[in-house]
Amino acid sequence: MTTRGERPAVRGIGLGLAALGRPGYITLGHGGDFGDGATVDDLRERAHAVLDAAWAAGVRYVDAARSYGLAERFLGEWLAAHPGRRDELTVGSKWGYTYTADWRIDADVHEVKDHSVATFERQWQETLDALGGPPDVYVVHSLTSDSPALDDAGLLAALTALADDGVAVGFSASGPNQGAVIDRALAMTTAGLAPFRAVQATWNVLEPSAGPALARVHDAGWFVVVKEAVANGRLTGRGDVTGFRAAAGAAGVAPDVLALAAVLDQPFTDVALSGATTVDQLRSNLRATATAPVALPDLAEDPKAYWATRSGLGWS
């Protein structure tokens, strides 16, 4: 557990629950991982099994969100069943999206975004209830350039009050303008206009554009969590990037291992999230911690093209 008011000291691979808290997600092949069932009880059992495996392997950062179906509840139940573990874990969660799919994979809308003060206040209490206490890190979910959050004085005041209580307040960034959003938030925080000291952003070998901005906030003392290291499955054995799969083969490792090793090699990375939905996937991901990064061909895509491809991934 992070000491209140301090920057989280946890490092390495963390476990993200985006694909474990609900039956549908946009990771390639996600639905196939739930062949043994996707009821609430099925996913609770699976989430707890992956959490147990992560704990046994030394993973000490777990990430959830209000919009990840029942992820916070599953995590809270697991923590309640193992009360001694909470003190050794750093727990992060996110607010700003509401889960609306009602456990349906074919829902027209899976989550609805709202960065208002009212949503923050409602979801903060929901997070407390689900987890059984406050997370160590609490971030605005998907703070994009079109979000009103950075211009909302009331919201910034509420977030500042939360930070004053010792929670590491931050935001997650998404989309082709991640770097600009991160830089604006850094400037506001430096000027005393915002309370941010944590950020979660996408960085992978296909979409490294946020790297310079992440380096700047890391140098400023922020806690940096990298998400989507395997590009929603594109940088795994299921993926479509033949050049990357060839590089992994030449290195003698699985593609997911090479992708995560590349993230861990970035000086700004404090935690790289595994989005594993099975124990075997998690164990493969964790091999990245013992894998030396290798020289890779330049696989970076135009950020707009990358995010357009991501938006086109189907829920399964």
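Before reading further, recall that the structure is shown in the block above.
Notes on the structure follow. It should be emphasised that the depicted structure is a prediction, and the values quoted were computed from it without experimental measurement. (Residues numbered from 1 in each chain as written. Predicted model: local features only at pLDDT ≥ 70, side-chain atom pairs only at ≥ 80, totals over all residues. Heavy atoms only, no water.)

Structural notes on the nonpolar core
Okay, so step 1: One finds L17, L75, F120, F171, I182, F196 and L214 to be the most contacted residues of the largest nonpolar core, which totals 91 residues.
Okay, so step 2: With residues near it in sequence (within four places) discarded, F120 still touches W95, Y138, L155, A158, L159 and L162.
Okay, so step 3: Judged by nonpolar contacts, the second largest core, of ten residues, contains V139, A198, V225 and V271. (Core = buried A, V, L, I, M, F, W, Y, C linked by side-chain atoms within 4.5 Å. Buried < 20%, exposed > 50% of the residue type's maximum accessible area, 1.4 Å probe, protein only. Contact = heavy atoms within 4.5 Å.)

Details of empty space enclosed by the protein
Okay, so step 1: Tallied over the full model, the rule gives one cavity of 30 Å³ or more.
Okay, so step 2: Here the largest cavity defines a volume of roughly 50 Å³.
Okay, so step 3: Those elements giving two or more residues to the lining of the largest cavity turn out to be β2 (61-63), β3 (90-95), β6 (137-140), β8 (198-202) and β9 (223-227). (1 Å grid on protein atoms, 1.4 Å probe; cavity = no way out; pocket = protein on both sides within 12 Å on 5 of 7 lines; lining within 4 Å. Points joined across faces, edges and corners; volume = space filled by probe spheres on them. Helix = DSSP H or I, 4+ residues; strand = E, 2+ residues; numbered from the N terminus.)

What about the side chain of T127?
Okay, so step 1: Relative to the assigned elements, T127 resides in helix α3 (residues 117-131).
Okay, so step 2: Among the residues examined, T127 registers a relative accessible area of 0% and is labelled buried.
Okay, so step 3: Among all residues touching T127, those that are not within four sequence positions of it are R66, E72, S93, G132, G133, P135 and Y138.

A word on the packing of helix α5 (residues 178-190) against helix α6 (residues 211-219)
Okay, so step 1: α6 packs onto α5 with a crossing angle of 20° between their chain directions and a minimal axis gap of 8 Å. With respect to each other, α5 and α6 are oriented roughly parallel. Of the two elements, α5 crosses α6, and the hand of that crossing is left-handed. The residues of α6 that touch α5, namely those facing G179, I182, D183 and L186, are A213, L214, R216 and V217. (Axes fitted to C-alpha atoms, helices over the stretch in contact; angles between N-to-C directions. Parallel < 35°, antiparallel > 145°, perpendicular 65-115°, else oblique. Left-handed = near helix turned anticlockwise from the far one by under 90°.)

Quick notes on the sheet that holds strand β7 (residues 168-173)
Okay, so step 1: Taken in spatial order, the eight strands of this closed barrel run β1-β2-β3-β6-β7-β8-β9-β10, and their pairing is parallel. Pairs of neighbouring strands in the sheet enclose a mean axial angle of 30°, with direction left out of account.
Okay, so step 2: Here β9 pairs with strand β10 (residues 271-274) via two bridges, running parallel. Looking at the pairing, V226 lines up with A272 of β10.
Okay, so step 3: Along the sheet, α5 contacts β7 and β8; its crossing angle with β7, the most-contacted strand, is approximately 155°. (Pairing = 2+ DSSP bridges.)

Thoughts on the packing of aromatic side chains
Okay, so step 1: If you walk through the whole model with that rule in mind, you get nine aromatic pairs.
Okay, so step 2: Their ring planes at 75° and their centres at 5.2 Å tell us that F171 and F196 sit as a pair that is edge-to-face. A residue pair is termed long-range when its members are at least 10 positions apart, and F171 in strand β7 and F196 in the loop between α5 and β8 qualify at 25 residues.
Okay, so step 3: Taking relative accessible area as the criterion, F171 reaches 0% and is therefore assigned buried.
Okay, so step 4: Take F196: its relative accessible area is 3%, and that puts it in the buried class.
Okay, so step 5: A centroid spacing of 5.4 Å and a plane angle of 80° characterise the contact between Y306 and W307, whose relative ring orientation is edge-to-face. Each member of the pair, Y306 together with W307, is buried.
Okay, so step 6: Put simply, the rings of W95, F120, W124 and Y138 touch in pairs and so form one group of aromatic residues. (Phe/Tyr/Trp six-rings, centres within 6.5 Å; stacked < 30°, edge-to-face > 60°.)

Some remarks on the pattern of salt bridges
Okay, so step 1: Throughout the structure, instances matching the rule amount to 18 salt bridges.
Okay, so step 2: The partner of E72 in a salt bridge is R66, with the nearest N and O atoms 2.4 Å apart. No difference in accessibility class separates E72 from R66, as the two residues are buried.
Okay, so step 3: The salt bridge involving R104 is made with D106; its shortest N-O contact spans 3.1 Å. (Salt bridge = Lys/Arg side-chain N within 4 Å of Asp/Glu carboxyl O.)

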